[in-house]
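# Breakdown of the fold
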Amino acid sequence: AQTVTQSQPEMSVQEAETVTLSCTYDTSESDYYLFWYKQPPSRQMILVIRQEAYKQQNATENRFSVNFQKAAKSFSLKISDSQLGDAAMYFCAYRSPRGAQKLVFGQGTRLTINP
Amino acid sequence: ETGVTQSPTHLIKTRGQQVTLRCSSQSGHNTVSWYQQALGQGPQFIFQYYREEENGRGNFPPRFSGLQFPNYSSELNVNALELDDSALYLCASSLGRHRDMNTEAFFGQGTRLTVV
């Protein structure tokens with residue numbers, strides 16, 4: 001079974017600075033998908049960025065980028081120019097290409113933005 | 001296009017009772033997944049429905065059951081409620097099944113269930 005670990009329960013960053021959230025995972029599969037989701041106080045999970053394991057190039061979405069290290073099974077999220085609206089819980093998630101479209105989530109990291 | 005909507009938003013039930021949570025999937029989506037998110041934890045997969053059939057189940061007892069209707073909306077039923085069932089229940093809808101990574105899952109705002 002796949003597992004996802006987020007070792008930082010809480011992180012904080014000054015507005016406009018850069019922060020990196022860590023995620024490691026365990027799998028025996030060679031092909032899979034990785035995601036970062038944001039969960040604000042409204043509770044709705046919002047997709048931030050996704051990465052296909054067979055792609056070596058790191059995904060980027062505006063101020064959000066990932067550092068995908070397949071051999072190390074590491075998938076960190078970098079948020080540049082942090083904004084107050086980035087404050088939320090962030091979850092790393094794994095999805096296998098086989099079976100149900102089930103997401104395996106980590107425990108989450110609470111990100112606080114200091115003005 | 002409408003998003004994923006869940007009802008009710010909050011619910012308080014007594015231990016031993018039964019509860020039904022509802023989810024309307026995003027327009028055009030034929031797959032619905034349910035997750036349980038305990039306080040301070042990441043969501044855990046309960047089960048998924050694809051075109052009205054169960055398409056995968058997580059490590060949850062049989063008292064957690066579900067349905068998907070012809071319009072692809074879905075229900076999650078929990079019988080014999082226990083205190084540990086208190087959690088946020090999230091519904092996610094998507095189009096298609098497994099292999100296509102571009103079938104992004106869209107989440108609702110969840111139902112907060114409290115069992116007393």
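Before reading on, note that the structure itself is shown above.
Below you will find a few notes about this structure. (Residues numbered from 1 in each chain as written. Chains lettered and ligands numbered in written order. Predicted model: local features only at pLDDT ≥ 70, side-chain atom pairs only at ≥ 80, totals over all residues. Heavy atoms only, no water.)

## A word on the overall build of chain B
Looking only at helices and strands, chain B features 0 helices and 11 strands. The C-alpha atoms of chain B give 13 Å as radius of gyration, which agrees with the globular expectation for 116 residues (13 Å, within 12%). The principal-axis extent of the C-alpha atoms belonging to chain B is close to 40 × 30 × 25 Å. Among the 116 residues that make up chain B, the fraction classed as buried is 51%. Expressed as a percentage of contacts within chain B between residues at least 6 apart in sequence, the contacts between residues at least 24 apart total 55%. When the accessible surface of chain B is split by element, carbon and sulfur atoms take 47% of a total near 5,600 Å². Separation between the mean location of the 9 positive side-chain charges and that of the 10 negative ones in chain B comes to 4 Å. (Helix = DSSP H or I, 4+ residues; strand = E, 2+ residues; numbered from the N terminus. Rg over C-alpha atoms; globule rule 2.2 N^0.38 Å. Buried < 20%, exposed > 50% of the residue type's maximum accessible area, 1.4 Å probe, protein only. Contact = heavy atoms within 4.5 Å. Areas by Shrake-Rupley, 256 points an atom, 1.4 Å probe, with all protein chains shown as cover. Lys, Arg positive; Asp, Glu negative; His and termini not counted. Charge placed at Lys NZ, Arg CZ, Asp CG, Glu CD.)

## So, the pattern of salt bridges
This model, assessed by the stated rule, comprises 8 salt bridges over all chains. Among the ionic pairs, A:D86 bridges to A:R63, the shortest N-O distance being 2.8 Å. Taken together, the residues A:D86 in the loop between strand 9 (74–79) and strand 10 (88–95) and A:R63 in the loop between strand 7 (60–61) and strand 8 (64–69) connect sequence positions 23 residues apart. What makes A:D86 buried here is its relative accessible area of 3%. Between B:R63 and B:D85 there is a salt bridge; the shortest N-O distance is 2.7 Å. (Salt bridge = Lys/Arg side-chain N within 4 Å of Asp/Glu carboxyl O.)

## Comments concerning the state of the cysteines
What is meant by a disulfide is a covalent connection between two cysteines, made through their sulfur atoms. Residue and element names in this part refer to chain B. Summed over all chains, the structure comprises 2 disulfides over all chains. In this model C23 forms its disulfide with C91; the gap between the sulfur atoms is 1.8 Å. An S-S torsion of about -60 degrees defines the bridge between C23 and C91 as left-handed. Residue C23 is found in strand 3 (residues 19–24), and its partner C91 is found in strand 9 (residues 87–94); the two are separated by 68 residues along the sequence. Classification of C91 as buried rests on a relative accessible area of 0%. (Disulfide = S-S within 2.5 Å.)

## Brief notes about the packing of aromatic side chains
Taken as a whole and judged by the stated rule, the model has 15 aromatic pairs over all chains. Taking 5.7 Å as the distance between ring centres and 85 degrees as the angle between the ring planes, the aromatic pair formed by A:F105 and B:Y35 counts as edge-to-face. You can see A:F105 sitting in strand 11 (residues 103–105) and its partner B:Y35 sitting in strand 4 (residues 31–37), one on each of two chains. B:Y35 matches A:F105 in its accessibility class, with the two residues each being buried. Put simply, the rings of A:F35, A:Y37, A:F91, A:F105, B:Y35, B:F45 and B:F107 pair up and form one aromatic cluster. (Phe/Tyr/Trp six-rings, centres within 6.5 Å; stacked < 30°, edge-to-face > 60°.)

## A look at the interface of chain B and chain A
With 34 residues of chain B at the contact, the number on the chain A side is 23 residues. Taken together, the two surfaces of chain B and chain A that pack against each other cover about 2,300 Å², and 49% of this comes from carbon and sulfur. The interface formed by chain B and chain A holds 1 salt bridge in total. Of the charged contacts, one joins B:E104 and A:R50 as a salt bridge, the two residues approaching to 3.8 Å between their closest N and O atoms. Put simply, chain B and chain A have 7 residue pairs in polar contact (both at pLDDT 80 or more) between them. (Buried area = accessible area lost by both parts, 1.4 Å probe. Polar contact = N/O pair within 3.5 Å; in protein donor to acceptor, adjacent residues only side chain to side chain.)

## Brief notes about the sheet that holds strand 3 of chain B
Residue and element names in this part refer to chain B. Reading across the sheet, the 4 strands line up as 1-3-8-7 and stay open at both edges, with antiparallel pairing between neighbours. Looking at the sheet topology across the chains shown, the edges are occupied by strand 1 (5–7) and strand 7 (64–68). Pairwise comparison of adjacent strand axes, ignoring direction, gives a mean angle of 20 degrees for this sheet. Pairing between strand 3 and strand 8 (residues 74–78): 5 bridges, direction antiparallel. Residue C23 lies in a different strand from strand 8, and its bridge partner there is S74. (Pairing = 2+ DSSP bridges. Axes fitted to C-alpha atoms, helices over the stretch in contact; angles between N-to-C directions.)

## A few points about the pairing of strand 9 of chain B
Residue and element names in this part refer to chain B. When you tally the buried positions in strand 9, you get 8 out of 8 residues, the bulk of the element. Summarising the sheet, strand 4 and strand 9 pair through 7 bridges and their orientation is antiparallel. Of the residues in strand 9, the one forming a bridge with V32 is S93. Pairing of strand 9 with strand 11 (residues 111–115), which is carried by 3 bridges, proceeds in the antiparallel orientation. Residue pairing across strands places Y89 opposite T111, the latter belonging to strand 11. One ladder, built from 2 bridges, connects strand 9 with strand 10 (residues 106–107); its direction is antiparallel. Bridge pairing in strand 10 links S93 to F106.

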